Amino acid sequence: MMEDVAIDGSTSGTSGTGSSESKPRRGRRVRMTGAERREQLLDIGRTLFAEKGFEGTSVEEIAAKAGVSKPVVYEHFGGKEGLYAVVVDREMRQLLDMVTGALTAGHPRELLEQAAFALLDYIERYTDGFRILVRDSPVAQSTGTFASLISDIATQVEDILGLEFKARGFDPKLAPLYAQALVGSVALTGQWWLDVRKPKKAEVAAHLVNLAWHGLDGLEQKPRLIGHRKN
């Protein structure tokens, strides 16, 4: 499918007497393929969803920014919900790929550093995408949620923790709990850092790993409650 976009221009011509003069050129139409139009709409939707949220963004505004009519948006995505779902799915895959791809070191502490850096890198490079992921949306059930994404990342960390727990005489069945706690703390800190952007990224990562690593290092095999409540 090809879609036309009109643009105006001018060119130089030569008159019958040999003199050079500028002549207006008829508007020509640059043909945008269906795939190119789809990417354009995704880029525009991503920006608007990050700025205004799902409810605050309209199909009319998306179409106007793209210079097309509303039916073009419906043709490609079936509506605002469909466009939003694709945007969210892409961002979730991007973040998950960055985190899992970063887990390459052998030492557990360095793995924690790599995971923290991966999330902070994503926030820094794909700020609009992160803003979209942490927003609540009425179509979250069909596109996944930030919580489910964090759970996916925690699953990657869970295997690493399980091996460490087993080697140190801890119950490896508790690894999922600790993985959720570790990844969740990094994610929530990332949401805070998204707006303040200080201290610097490397310092944030260092403090996150400091808390996580030394917390794990001093882990009790059978933790107990010291307060009066026991259930």
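Cut-offs and rules
Within any chain, residue numbers begin from 1 and follow the written order of that chain's sequence. The predicted origin of the model limits local features to residues at a pLDDT of at least 70 and limits the giving and counting of side-chain atom pairs to 80 or more, whereas totals for whole chains, interfaces and linings rest on all residues. To get the side-chain values, take all heavy atoms of the structure and skip hydrogens and water. In this text, buried Ala, Val, Leu, Ile, Met, Phe, Trp, Tyr and Cys residues form a nonpolar core when linked through side-chain atoms within 4.5 Å. Relative accessibility under 20% of the residue-type maximum defines a buried residue, over 50% an exposed one, and the middle range a partly exposed one, all with a 1.4 Å probe and only protein chains included. Contact between two residues is taken to exist if any of their heavy atoms lie within 4.5 Å; hydrogens are not considered. Planes of paired rings set the category: under 30 degrees apart is stacked, over 60 is edge-to-face and the rest tilted, where pairs are Phe, Tyr or Trp rings (Trp by its six-membered ring) whose centres lie within 6.5 Å. Secondary structure is summarised from DSSP: a helix means a run of H or I of at least four residues, a strand means a run of E of at least two, and numbering begins at the N terminus for each. Two conditions define a charge sitting above a ring: the NZ of Lys or the CZ of Arg must be within 6 Å of the ring centre, and it must be within 35 degrees of the ring normal. Summary of the metric used: pLDDT quantifies the predictor's per-residue confidence within the range 0 to 100. What a helix is expected to span follows from its residue count: subtract one and scale by 1.5 Å. Each salt bridge in this description consists of a side-chain nitrogen of Lys or Arg and a carboxyl oxygen of Asp or Glu lying within 4 Å of one another. Angles here are taken between N-to-C directions and fall from 0 to 180 degrees, while the axes themselves are lines fitted to C-alpha atoms, restricted in helices to the stretch in contact. An angle counts as roughly parallel when it lies under 35 degrees, as roughly antiparallel when it exceeds 145, as roughly perpendicular when it falls between 65 and 115, and as oblique in every other case. Take the far helix as your reference; a near helix turned counterclockwise from it by less than a right angle gives a left-handed crossing, and one turned clockwise gives a right-handed crossing.

S.K.: Would you mind going over the nonpolar core with me for this structure?
M.R.: Note on soluble globular proteins: their nonpolar side chains tend to be buried together. Counting residues in each nonpolar core, the largest one holds 59 residues, and the members touching the most others are Leu 41, Ile 62, Leu 95, Leu 133, Phe 146 and Leu 161. Beyond its immediate stretch of four places on either side in the chain, Ile 62 contacts Leu 41, Ile 44, Leu 48, Phe 49, Thr 57, Val 73 and Leu 83.

S.K.: What exactly am I supposed to notice about the packing of aromatic side chains here?
M.R.: Any aromatic ring pair is given by two values, namely how distant the centres are and how the planes are angled relative to each other. Throughout the structure, instances matching the rule amount to seven aromatic pairs. With a centroid separation of 6.2 Å and 20 degrees between ring planes, the pair formed by Phe 49 and Phe 54 is classed as stacked. Given a relative accessible area of 1%, Phe 49 falls into the buried group. With 5.3 Å between their ring centres and 70 degrees between their planes, Phe 165 and Tyr 178 make a pair best called edge-to-face. Separated by 13 residues along the polypeptide, Phe 165 in helix α8 (residues 146-167) and Tyr 178 in helix α9 (residues 175-196) bring together distant segments of the chain. Pairwise contacts between aromatic rings join Phe 49, Phe 54 and Tyr 84 into one cluster. Above the plane of the ring of Phe 54 lies Lys 80, whose end atom (NZ or CZ) is 4.3 Å from the centre. Seen from the ring of Trp 193, Arg 197 lies directly overhead, with NZ or CZ sitting 5.3 Å from the centre.

S.K.: Can you help me understand the confidence of the model for the protein chain in this one?
M.R.: Detailed conclusions should not be drawn from predicted coordinates in areas where pLDDT is low. Looking at the protein chain, the pLDDT average stands at 83 and 83% of residues meet or exceed 70. Within the model, pLDDT remains below 50 along residues 6-20, and this stretch shows 19 contacts once partners closer than five positions in the same chain are excluded.

S.K.: Would you mind showing me how to read the environment of Phe 165 here?
M.R.: Accessibility expressed as a relative area gives 6% for Phe 165, which makes it buried. Apart from residues no more than four positions distant in its own chain, Phe 165 is found in contact with Phe 170, Asp 171, Pro 172, Leu 174, Ala 175, Tyr 178, Leu 216 and Leu 219.

S.K.: Mind showing me how you'd approach α9 here?
M.R.: Quick reminder: α-helices carry 3.6 residues per turn. Residues three or four places apart thus point the same way. The terminal C-alpha atoms of α9 lie 32 Å apart, and with 22 residues this matches the ideal 32 Å at 1.5 Å per residue to within 8%. Buried within α9 we find Ala 175, Tyr 178, Ala 179, Leu 182, Val 183, Gly 184, Val 186, Ala 187, Gly 190, Trp 193 and Leu 194. The secondary structure elements touched by the buried residues of α9 are α5 (108-125), α6 (127-133), α8 and α10 (201-217). With its phi angle positive at about 55 degrees, Arg 197 sits one or two positions after the end of α9.

S.K.: Would you take a moment to explain the side chain of Gln 114 for this structure?
M.R.: Relative to the assigned elements, Gln 114 resides in helix α5. With near-sequence residues (within four places) excluded, Gln 114 lies in contact with Ala 102, Leu 103, Thr 104 and Ala 105.

S.K.: Is there a simple way to explain the pattern of salt bridges in this structure?
M.R.: Oppositely charged side chains may form a pair once their charged atoms are brought near each other. In this structure the tally under the stated criterion is nine salt bridges. Where Glu 164 meets Arg 168, a salt bridge forms, and the shortest distance between an N and an O atom there is 3.7 Å. When its relative accessible area of 37% is taken as the criterion, Arg 168 is described as partly exposed. Three or more residues are tied together by salt bridges with common partners; here these are Asp 121, Glu 124 and Lys 201.

S.K.: Just to check I follow, could you spell out the packing of helix α1 (residues 34-56) against helix α2 (residues 59-66) for this structure?
M.R.: The N-to-C vectors of α1 and α2 enclose an angle of 140 degrees; their axes lie 9 Å apart at closest approach. Taken together, the axes of α1 and α2 are oblique relative to one another. Pair α1 / α2 crosses with right-handed handedness. Note on element contacts: α2 touches α1 through Glu 61, Ile 62, Lys 65 and Ala 66, opposite Arg 37, Gln 40, Leu 41, Ile 44, Leu 48, Phe 49, Lys 52 and Gly 56.

S.K.: Would you take a moment to explain unusual backbone geometry for this structure?
M.R.: Note: most residues except glycine have negative phi, and most peptide bonds are trans. Backbone torsion omega between Lys 198 and Pro 199 reads 5 degrees, so that peptide bond is classified as cis. Locating Pro 199 in the fold gives a position in the loop between α9 and α10. Residue Arg 197 is not a glycine yet carries a positive backbone phi of 55 degrees.

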